[in-house]
Amino acid sequence: MTVHARHGSTRHGDASDGASMEAVGGRLSRVDGPAKITGAARYAVEQQLEGLAYAALVESTIASGKVRAIDTTRAEAAPGVLKVLTPDTIISLRTASDWFGTPPPDKPYCPLARDITFSGQHVAAVIAETFEQAVAAAALVEVGYDETPAIVDLSDGKAGDGIPIDAMTKEWGDAAAAFAAAPVRICAAYNTPREYQAPMEPHGLIARWEGDHLTVWEPSQWLDGMARTYAEWFEVPFENVRLISPYIGGGFGSKALALSHGAVAASAAKMLGRPVRLVMTRPQTFTGYGGRAATRQTVTIGAGHDGVIQSIVHRGVNETSIDGMWVEPLGSVTSIMYATPNFSSKQNVVRVNSVVPGAMRAPGENPSAFGIESAIDELAYEVGIDPLEIRLRNYAEQDPHAKKAWSTRQLREAFATGAERFGWARRSPEPRSMRDGNHLIGWGVAAGTYPVRRAYGEAVVRILADGSVEVESSSIDMGQGTYTILAQTAAETVGVSAEDVVVKLGDSRFPRAGVTGGSRLAGVMTGAVHKAATSALDQLVGLAISDPRSPFNTLQANTLTVANGRITAPRGDGPDVSIAELLRRVGRDQIEATGDTMPANSSAEDRYRNYTTIAMSLPHTEGDYSRHSWCAHFVEVRVDEDFGTVRVSRVVSALDSGRLYNPKLAESQWKGGIIMGIGQALLEEGILDRRHGRIVNNNLADYLVPTNADIPDIETISVGIPDLHSSVLGGKGVGELAIVGIAPAIANAVFHATGKRVRDLPITLEKLI
Amino acid sequence: MRDFSYLRATSPDAARQAAALPGAMLLAGGTTLIDLAKCGVAEPDALVDITHLKGLDAIEVTERGATIGALARMGHVADHADIKSQFPAVSEALWQAASAQIRNMATIGGNLMQRTRCPYFRDPSNFSACNKRQPGSGCSAIGGVTRGHAVLGTSQACIAMYPGDLATALVAFDATVHLGDRRVPVDEFFLLPGTTPDKEHAIEPGEMITAIEIPSSIAARRSTYLKVRDRQSYEFAAASAAVGLELEADGRTIRTLRVALGGVATKPWRAHAVEAALKGKALEPEAVRAASLLAVEGAVDHGANHYKIELAPRVVARAILKLGEAA
Ligand SMILES: Cc1cc2nc3c(=O)[nH]c(=O)nc-3n(C[C@H](O)[C@H](O)[C@H](O)COP(=O)(O)OP(=O)(O)OC[C@H]3O[C@@H](n4cnc5c(N)ncnc54)[C@H](O)[C@@H]3O)c2cc1C
Ligand code: SF4
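Everything numeric here is computed off the predicted structure, so don't read it as measured data.

Engineer: Please clarify how the overall build of chain A should be interpreted in this entry.
Structural biologist: Along the backbone of chain A there are 15 helices and 35 strands. Projecting the C-alpha coordinates of chain A onto the three principal axes gives extents of approximately 80 × 75 × 50 Å. Here chain A, with 769 residues, has 64% of them falling under the buried criterion. Accessible surface for chain A amounts to roughly 26,900 Å². Of this, 51% is attributable to carbon and sulfur atoms. Taking the average place of the 73 positive charges on the side chains of chain A and the average place of its 88 negative ones, the gap between the two points comes to 1 Å.

Engineer: Explain the overall build of chain B to me, please; I cannot follow it from the model alone.
Structural biologist: Of regular secondary structure, chain B possesses 13 helices and twelve strands. Expected size for 327 residues packed as a compact globule is a radius of gyration near 20 Å; at 19 Å, chain B falls within 12% of this value. With the principal axes as the frame, chain B shows a C-alpha extent of 65 × 50 × 30 Å. Looking at chain B residue by residue over its 327 residues, the buried ones come to 56%.

Engineer: What is the right way to look at the nonpolar core in this model?
Structural biologist: A general feature of soluble globular proteins is that nonpolar side chains tend to end up buried together. Phe634(A), Val637(A), Ile746(A) and Ile763(A) are the most contacted members of the largest nonpolar core, which totals 89 residues. Core analysis: the next-biggest nonpolar cluster, separate from the first, contains 49 residues, Ala490(A), Ala513(A), Leu537(A) and Ile591(A) among them.

Engineer: Looking at this model, I keep getting lost on the confidence of the model for chain A. Mind explaining?
Structural biologist: Detailed conclusions should not be drawn from predicted coordinates in areas where pLDDT is low. Looking at chain A, the pLDDT average stands at 95 and 98% of residues meet or exceed 70. Contacts from residues 1-17 of chain A, a stretch scored under 50 in pLDDT, to residues over four places away or in other chains number 46 contacts.

Engineer: How do you make sense of the site of ligand 1 when you look at a structure like this?
Structural biologist: Residue and element names in this part refer to chain B. Lining the immediate surroundings of ligand 1 are 30 residues, of which Leu26, Gly30, Thr31, Thr32 and Asp165 lie closest. At 2.8 Å from an oxygen atom of ligand 1 is found a main-chain nitrogen or oxygen belonging to Leu33. One of the side-chain nitrogen or oxygen atoms of Asp165 is found 2.7 Å away from a nitrogen atom of ligand 1. Taken by itself ligand 1 offers 990 Å² of open surface, and the protein chains cover 94% of this. The set of elements that each furnish at least two residues to the shell around ligand 1 consists of strand S2 (24-27) and helix H7 (108-112). The dominant element in the shell around ligand 1, judged by the number of residues it contributes, is S2, at three residues. Of the residues belonging to the shell around ligand 1, the class tally is 18 nonpolar, nine polar and three charged.

Engineer: Any chance you could explain unusual backbone geometry here in plain terms?
Structural biologist: The bulk of non-glycine residues show a negative phi, and the bulk of peptide bonds are trans. Residue and element names in this part refer to chain A. With an omega of -5 degrees, the peptide bond running from Leu761 to Pro762 counts as cis. Position of Pro762 relative to the elements: it lies in the segment after helix H15 (742-754). One non-glycine residue with positive phi stands out, namely Glu235, at about 50 degrees. Taking the relative accessible area as the measure of exposure, Glu235 reaches 59% and is therefore exposed.

Engineer: Just checking my understanding: could you explain the site of ligand 2 for this structure?
Structural biologist: As a matter of local geometry, ligand 2 sits amid 14 residues, with Cys118(B), Cys130(B), Asn131(B), Cys139(B) and Cys158(B) nearest to it. For the shell around ligand 2, the residue count by class is ten nonpolar, three polar and one charged.

Engineer: Looking at this structure, I do not really get the sheet that holds strand S14 (residues 213-217) of chain A. What am I missing?
Structural biologist: Across a sheet, strands are paired by hydrogen bonds formed along the backbone, either parallel or antiparallel in direction. All names here are of chain A. Strands sit in the order S4-S8-S2-S16-S13-S14-S15 across an open sheet of seven strands; the sheet is mixed. With one partner strand each, in any of the chains shown, strand S4 (81-85) and strand S15 (241-244) form the two edges of the open sheet. The sheet shows a mean angle of 20 degrees between the axes of neighbouring strands, direction not considered. In this sheet, strand S8 (residues 122-128) lies alongside S4 in antiparallel orientation, the contact comprising four bridges. Across the sheet, Leu85 pairs through a bridge with Ala125, a residue of S8. Contacts from helix H3 (residues 131-138) reach strand S2 (53-59), S4 and S8, with the element oriented near 25 degrees to S2. The strands touched by helix H5 (residues 223-234) within the sheet are strand S13 (204-210), S14 and S15, with S15 carrying the most contacts at an inclination of about 140 degrees.

Engineer: Got a minute to help me understand the domain arrangement of chain B in this structure?
Structural biologist: Annotation of chain B at the domain level lists domain 1 (5-49) and domain 2 (219-325). For domain 1 of chain B versus domain 2 of chain B, the distance between C-alpha centres works out to 36 Å.

Engineer: Help me understand the interface of chain A and chain B, please; the structure alone is not making it clear to me.
Structural biologist: How big an interface is tends to be expressed through the accessible area that disappears when the partners come together. Contact with chain A, which involves 36 residues of that partner, is made by 31 residues of chain B. Of the roughly 2,800 Å² buried where chain A meets chain B, counting both sides, 57% is carbon and sulfur surface. Inspection of the region where chain A meets chain B yields four salt bridges. Here Glu766(A) makes a salt bridge to Arg147(B), at a shortest N to O gap of 2.6 Å. Seen at the junction of chain A and chain B, the total is 15 residue pairs in polar contact (both at pLDDT 80 or more).

Engineer: Help me out: how do you make sense of helix H13 (residues 604-612) of chain A in this one?
Structural biologist: The periodicity of an α-helix, 3.6 residues per turn, causes residues three or four positions apart to be oriented the same way. Listing the buried residues of H13(A) in full gives Arg607(A), Tyr608(A), Asn610(A), Tyr611(A) and Thr612(A). Packed against the buried residues of H13(A) are H5, strand S23 (458-464) and strand S29 (590-596) of chain A.

Engineer: What should I look at first to understand the sheet that holds strand S7 (residues 115-116) of chain A in this one?
Structural biologist: Residue and element names in this part refer to chain A. Strand order in the open sheet made by the three strands is S7-S3-S9, with antiparallel pairing throughout. Edge positions in the open sheet fall to S7 and strand S9 (142-147), since each of these has one partner strand only. In the sheet, strand S3 (residues 65-71) pairs with S9 via six bridges, with the strands oriented antiparallel. Bridging from a neighbouring strand, Val67 pairs with Tyr145 of S9.

Engineer: Can you walk me through the pairing of S23(A) in this structure?
Structural biologist: Along any regular strand, the residues point their side chains to alternate faces of the sheet. Residues and elements named next belong to chain A. Within S23, six of the seven residues are buried, leaving the element largely enclosed by the surrounding structure. The pairing of S23 with S29 spans seven bridges and is antiparallel. The partner of Leu464 across the bridge, within S29, is Gln590.

Engineer: So what exactly am I meant to see when it comes to the domain arrangement of chain A here?
Structural biologist: Residues and elements named next belong to chain A. Here chain A is partitioned into domain 1 (33-41 + 455-612), domain 2 (46-149 + 200-286) and domain 3 (396-453 + 621-767). Just the C-alpha atoms count here: the centres of domain 1 and domain 2 sit 38 Å apart. Facing 21 residues of domain 1, the contacting portion of domain 2 comprises 21 residues. Together domain 1 and domain 2 conceal approximately 1,900 Å² of surface at their shared face, both sides included; 53% is due to carbon and sulfur atoms. Between domain 1 and domain 2 we count one salt bridge in total. The closest approach of N and O atoms between Asp507 and Arg242, which form a salt bridge, is 2.5 Å. Counting every contact that joins domain 1 to domain 2 gives nine residue pairs in polar contact (both at pLDDT 80 or more). Contributions of two or more residues to the side of domain 1 that touches domain 2 are made by helix H1 (33-38) and H13. Class assignment of the residues belonging to the side of domain 1 that touches domain 2 gives a composition of ten nonpolar, six polar and five charged.

Engineer: I tried to follow the packing of aromatic side chains on my own but got confused; where do I start?
Structural biologist: A ring pair, where both rings are aromatic, is described by two values, the distance of the centres and the angle of the planes. Residues and elements named next belong to chain A. Applying the stated criterion to the full structure yields 21 aromatic pairs over all chains. Their ring planes at 70 degrees and their centres at 6.1 Å tell us that Trp99 and Phe100 sit as a pair that is edge-to-face. The interplanar angle of 70 degrees and the centroid separation of 4.6 Å between the aromatic rings of Tyr381 and Phe751 together place this pair among those described as edge-to-face. In this pair, Tyr381 sits in helix H7 (residues 365-383) while Phe751 sits in helix H15, placing the two residues 370 residues apart along the sequence. For Tyr381, a relative accessible area of 24% puts it in the partly exposed group. Taken together through their ring pairs, the aromatic side chains of Phe422, Trp424, Trp443 and Phe634 make up a single cluster. Positioned above the aromatic ring of Trp172 is the side chain of Lys403, whose terminal nitrogen or guanidinium carbon lies 4.3 Å from the ring centre. Directly above the aromatic system of Tyr395 lies the positively charged group of Arg412, at a separation of 4.0 Å from the ring centroid.

Engineer: Sorry, what's going on with the side chain of Gln410(A) here?
Structural biologist: Its location among the elements puts Gln410(A) in the loop between strand S20 (405-406) and helix H9 (411-422). Every residue in contact with Gln410(A), bar those within four places of it in the chain, is listed here: Trp630(A), Asp656(A), Val719(A), Gly720(A) and Ile721(A).

About the cut-offs
- Residues numbered from 1 in each chain as written.
- Chains lettered and ligands numbered in written order.
- Predicted model: local features only at pLDDT ≥ 70, side-chain atom pairs only at ≥ 80, totals over all residues.
- Heavy atoms only, no water.
- Helix = DSSP H or I, 4+ residues; strand = E, 2+ residues; numbered from the N terminus.
- Buried < 20%, exposed > 50% of the residue type's maximum accessible area, 1.4 Å probe, protein only.
- Areas by Shrake-Rupley, 256 points an atom, 1.4 Å probe, with all protein chains shown as cover.
- Lys, Arg positive; Asp, Glu negative; His and termini not counted.
- Charge placed at Lys NZ, Arg CZ, Asp CG, Glu CD.
- Rg over C-alpha atoms; globule rule 2.2 N^0.38 Å.
- Core = buried A, V, L, I, M, F, W, Y, C linked by side-chain atoms within 4.5 Å.
- pLDDT = per-residue confidence, 0-100.
- Contact = heavy atoms within 4.5 Å.
- Near = heavy atom within 4 Å.
- Polar contact = N/O pair within 3.5 Å; in protein donor to acceptor, adjacent residues only side chain to side chain.
- Nonpolar A, V, L, I, M, F, W, Y, C, P; charged D, E, K, R; others polar.
- Pairing = 2+ DSSP bridges.
- Axes fitted to C-alpha atoms, helices over the stretch in contact; angles between N-to-C directions.
- Domains from an automatic or database assignment.
- Buried area = accessible area lost by both parts, 1.4 Å probe.
- Salt bridge = Lys/Arg side-chain N within 4 Å of Asp/Glu carboxyl O.
- Phe/Tyr/Trp six-rings, centres within 6.5 Å; stacked < 30°, edge-to-face > 60°.
- Lys NZ or Arg CZ within 6 Å of the ring centre and 35° of its normal.

Structure, rendered in C-alpha cells:
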C-alpha cells in the first residue's frame, strides 16, 4: 500500500484561498490562448485534405408546403460541379436516436426535405471542385413548390393554444384560491423573441470516408453524442466514426448535436468517395438549426401588503417546429426562486413553421427568470417595498418545489455583497427620480440561478519519460477553459508545473466525455482527471518506494512528496530526484492511468449510454439536496429621455458557482454571460416577415449583438463556497449562470429610470420613446 | 461559377472607359461592392480597381473650403485635423459610421455610392420583387418588415432608406460632387426613387467621382453630427442630424442654420423648413423643438418605422441646442 502527500492537497477553498497560479483555484491564463491569437490553432474545417470537394446548400424559400420539382439541369452543367443532391438522389440514411437515446422509429431519414415546414430548410445541395463553384451552382438549382399557409409564430391566429407538456406541471397548495384571497395581486405577461447563438465560427464540417470508417472534422460540444448519431445514420459501428474537434469558435448550445447539414456532407462524401467540406453561410446559421425559442409567460403573484408571497400562478408557452419538439422549461426559476405556500406552473408548446428551436445559453432558466424576476419587481413597486428587500422577505430557505435542503445557496451573501459594492442603499426609490441632463438613470436588481447538472467522465493521464504529464479526453474547449483547468488539475494532483502538462482534447478516440452543456463539463472532467492523475501518482510513488532501482527503495518510507516535478521524502532527509530521473532509473518510459467517475459496477452499455446520451445525467435534486448556482445582478442604466435609447452604465454581479477552479476563467465566463444578457435585453431579436414566415435580419449587420461600446465595466464577485454535493472538487456551474437574470435586471432598471415597464424583449428605443 | 475580369486601372481616364462597358463596375474599398456580390445583388462582369490611382486620395483644406479626393479613406478624413476644425460634422459623421476596420478600407467615393440596407433588396434568392433591383418587379418591403425604412421621400415603388452618414453632412453644407470636370451639388446627386428607384445617382456610365468639395462657412465650422441608434456603435442610424449654426453678434439670434437628416429618408435629406423657421429667431429650447417638427413634414410611415417620425425632430432639436450651448 502506498500513501503519499500531495503538493497543494489542502487547497480546497474558494478563489480567495490564495492558491498558486497553477494549482486548482489559481488564475492561470488560457493555455490555448497563444495558439488562437497567433493563428496556429487549426479549426475543424481548416484541415487541408487531398481531393477535398466543396458543398453548398440550397434552402427552401417558402415556409410551408411541398417541393413539387427540382430542376438541376443548369446546376449540373455549371463548371466544376460533381453532383447535385436532391431528396431523390441522396443516399438513404436511417433515423437516429434522440439525445436521450430513445430508440428511433425504424424508418429512413433524408436530410433534404420534400415536405417544407420552415423557410430555410435544406432541399438540395451542390458538390463541386471549389467552394465558389458550389455556391454559384447552388443558385442555379430551381425548386418548384406547392405552397400552403404557414403558422408564422405564437401570435398567428392559426397557432392555437398548443400542446400541454404535463411533465412541466409543478403544483403545490391551492394557488388559484390563495391568489383570489390575496390582498395584493399582480398579473402580467412577459415575452421573449427568437434569439440566436451567433457564434463567431459558423457551423460546418469536413467528412471523409475510408471504407466503412467515417472521420468528421466538425466543431462539436459533444463528440461522442455526435459520433453516435453519424454511426446510426449510416448504420456503421460507433467505433467506426471518429469526430475531431480540437478548437471551437463558440457554441452556446448550438454545436451539441449532429445536424442535417452534417448528414448531407457525410452522404456526399460517401457518394463521391472524396472528402467533402460544407460550411454554412451566416444567413444559413439562422435557419440551419434552432436558436432560442420565442416564449410567452404570464406570471400572477398574490401577496400580503408586507410583500410576502402567498401564491404564484405561472403559465408559459414556447414555440416548437411543425415536426420537432423543443420544450424551453419556463417554470424552472419560477418554482425555486422564492418561498410560496401555493404554486402552479403549466406549460404548452405551440407548433409553428420554424426550424426546431435549440439550446442557447441557459435554456429555460433564462426566459423563466425574465418572467419571475420582472414580476417580483412589479410586486415591489405595488407594495412599496425596496426591490432588494422584497427578495429577501421571500427568500427560499429550502427548495420550495423539491422540498429539499439546498446543497449550498449563497444568494443572501450575493445580495448583500452586490448591494454593498453597487451602493444600492443610495438608491432613490421613486421611478424617474434620478437624472443626469437628458439621461434618466435607473437602478435595477434581479437574481439568477442555474441547476448543477452532473454526469460522469473519463480521462487518461500519462506521466512521460521527460517528467511531463499528458492528459487526454474527448471533451472539448469552446473557449470556456477546459484545456486550462484540466492542466491545472493534473498539475496539482501529480505535483508538476502546469507548463509541464499537455492536455489533448477534441478527438473521439480519446477517453470519453458526455455533452459540454448545462455547465457540467468542468465539474465532470476535473473529477475524472483528478482521479486518473491520482492513480498515476500512486503508481509513480509506488515505483519510487518499491522498485529496487529507485533511490528511495532503501528509505523504508511509506510516503513521498511529489512537487514541482521532483520527488522527495516527506521530511526532506532523503534523495531528491526529478520524475524524469526516477523513470529513467527504474527503466520505465511512461506511467499511464485511466480514471473515470462512473459507478464502480457500470457495464459497457452503461458507459456507452452515459457518454453518447444525456439519459444518465444525475438530477440536480438527487439524494438529499437540491443543487444550483446562484447570482444577484445590480445594474445601472441611462435612458435618453428624448431618444428612448438605453445604455447600461454599470453592472455589479455577485455569483455563487461554488469553488472556482480558475477564478480568471470563471470571471471571463460570467462577464460573457452578462454581455450576452445585455444583448438579449436591448438588441437581440429575430425579425420575422410574417407574410413569408422568414427571419429577415439573418446576418450580423442586422441581428445586433453588443459591441464593446455597449459594455461598461463589469464587476463580478465570487461569493461561492466549495459544494462537495455538487462535484468532486466542490465547483458548481459557471458558464450559463450569469446570463440568467441580466435581462430582468435591466428591464427593472429601465422601469426605475422611466416609469415604463417593458415586458417584451428586446427593449428597443421605440418602446420607450 | 460566375467569372469576372479584374482590371487595375492606371489612369482616371482608363478607369472611366473600362467602367463604361456594360457589366463593368468600379471597385474602390470593396466594402459595399463585395458584400453585394456575395448577396447576389451585384453581378459584375468586370471590376475596375481604382485604388491604385495616384493623386485621388488627397485632402486639401483652404480658406474657401475642403476638397477631398474620391479615394481618401473614411478613417483618414475623419481624423484629419483641418476637417475636424473646419467641418466637425463631417468628421463626426464619418467616425460614427461603420467600424474602424471598414473605415480603414472604405473610400469617400464608394461611401457616397453605398446602397440601401433594405433586407429585401439584399436577398434576391428569397425575395424576387424589388423595384430597385429589378424595375417593375414590385416592392417586397411594403407590407413587410419596415423598421429601418424611410419615412421621407418615399414613393409607391420604393421606400428604401439611404443609410450613409457622410452624405447627410455633405448635403447640409452644400457640398458638390466632382465627376471629373462636371460638378453636381450633392443634393442633386442623390435622386428620389419616384418611379425609377433603380436610378439612385446623377452619374452616367463612363463617369467617376473624383472628389467632393465642401465650401467653408461659419455654420460648417460650428457644426455637429448626432446619430441615434439602438446599438452604441457599428449600426446605421435610426435617425441622425447634421446641423450647423451661425449666430448674430448678440450670441443668441440665429443668422444661419443648416439642417440635414439621415436614417429617415430615401436620400440625404435637407430640412430647409426647419432652417427657415428658425432664421432670425432666438435660440430658445421651445422654439427649436417646435421648429424641428417641420423636419418631418410630409412624412409617411409604414407601420414599424413610425417611431422615426417622432425621433427625427428630437434628434434635430438636440443637435441644434447642443451647438447653441457650445458657444
Ligand atoms: C457592416 C457595415 C456597416 C456599415 N455601417 C455604415 C454606417 O454606419 N454609416 C455609413 O455611412 N456607412 C456604413 N457602411 C457603409 C460603408 O461606409 C461603405 O460600404 C463604404 O463607404 C463604401 O466604400 P468602398 O470604398 O468600400 O466602396 P466600394 O464597395 O468599393 O464601392 C461601392 C460602390 O461605389 C462605386 N464606386 C466606388 N468608387 C467610386 C467612384 N470613385 N466613382 C463612382 N463610383 C464609385 C462602386 O462601383 C460600387 O458600386 C457600412 C458597411 C458595412 C459593410
Ligand atoms: S423598398 Fe425599395 S429596395 Fe426595398 S424591396 Fe422595395 S423596392 Fe426594393
